[in-house]
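So you can see what is in the structure, the chains are spelled out below.
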Amino acid sequence: MAELIKMPKMGATMKEGTLTKWLVKEGDAVEEGDAIFEVETDKLSNEVEAYDDGTILKILVEEGTTVPCQTPLAVIGEAGEDYSDLLK
């Protein structure tokens, strides 16, 4: 089942983060624990890992974009899976 990958909240005071770099591209297969993107806040820079196995179906946010915590960044699921309901 497809799921959204969201901007994590990496600290009690974090309200937003800048997605500085994607380490994967659409169509890439990832495993739980693989680093998938880099995020920067006013206090730290960190790689974020996949929480599940799957294929990156859609990237929703471009590198260099600052977004609030819990903003959808990408969709992960099974290759070829319909994820349109997640984007409504």
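Please read these numbers as outputs of a predicted model, since none were measured by experiment.

About the thresholds
Residues numbered from 1 in each chain as written. Predicted model: local features only at pLDDT ≥ 70, side-chain atom pairs only at ≥ 80, totals over all residues. Heavy atoms only, no water. 1 Å grid on protein atoms, 1.4 Å probe; cavity = no way out; pocket = protein on both sides within 12 Å on 5 of 7 lines; lining within 4 Å. Points joined across faces, edges and corners; volume = space filled by probe spheres on them. Helix = DSSP H or I, 4+ residues; strand = E, 2+ residues; numbered from the N terminus. Nonpolar A, V, L, I, M, F, W, Y, C, P; charged D, E, K, R; others polar. pLDDT = per-residue confidence, 0-100. Buried < 20%, exposed > 50% of the residue type's maximum accessible area, 1.4 Å probe, protein only. Polar contact = N/O pair within 3.5 Å; in protein donor to acceptor, adjacent residues only side chain to side chain. Contact = heavy atoms within 4.5 Å. Core = buried A, V, L, I, M, F, W, Y, C linked by side-chain atoms within 4.5 Å.

In this structure, the largest pocket spans a volume of roughly 190 Å³. Taken together, Glu3, Leu4, Ile5, Lys6, Met7, Pro8, Ile36, Ala50, Tyr51, Asp52, Gln70 and Ile76 make up the full set of residues lining the largest pocket. Considering every element that reaches the lining of the largest pocket, the biggest residue donor is strand 1 (residues 3-6), with 4 residues. Of the residues in the lining of the largest pocket, the class split is 8 nonpolar, 1 polar and 3 charged.

This part covers the confidence of the model for the chain. Of all residues in the chain, 100% have pLDDT values of 70 or greater, and the mean over the chain is 95. The least confident element of the chain is strand 5 (residues 45-49), whose mean pLDDT is 94; the most confident is strand 6 (residues 54-59), at 98.

All right, on to the side chain of Thr41 then. Inspection of the secondary structure assignment puts Thr41 in the loop between strand 4 (35-40) and strand 5. For Thr41, a relative accessible area of 15% puts it in the buried group. Side-chain polar atoms of Thr41 contact the backbone nitrogen of Lys43, separated by 3.0 Å. Residues within four places of Thr41 in sequence aside, it is in contact with Met10, Met14, Glu16 and Gly17.

A word on the nonpolar core. One finds Ile5, Trp22, Val30, Ile36, Phe37 and Leu73 to be the most contacted residues of the largest nonpolar core, which totals 19 residues. Those residues in contact with Ile36 that sit more than four places away from it in its chain are Ile5, Trp22, Leu23, Val24, Val30, Val48, Glu49 and Ala50.

Before going further, it helps to examine the environment of Asp82. Inspection of the secondary structure assignment puts Asp82 in the segment after strand 8 (72-77). Each C-alpha atom, one on Asp82 and one on Leu57, is 9.1 Å from the other, the two residues being 25 residues apart in sequence. A distance of 2.9 Å separates polar atoms of two side chains, one belonging to Asp82 and the other to Ser84.

Glancing now at the environment of Leu73. Within the secondary structure, Leu73 sits in strand 8. Given a relative accessible area of 0%, Leu73 falls into the buried group. Taking the C-alpha atoms as reference points, Leu73 and Tyr83, 10 residues apart in sequence, are found 14 Å from one another.

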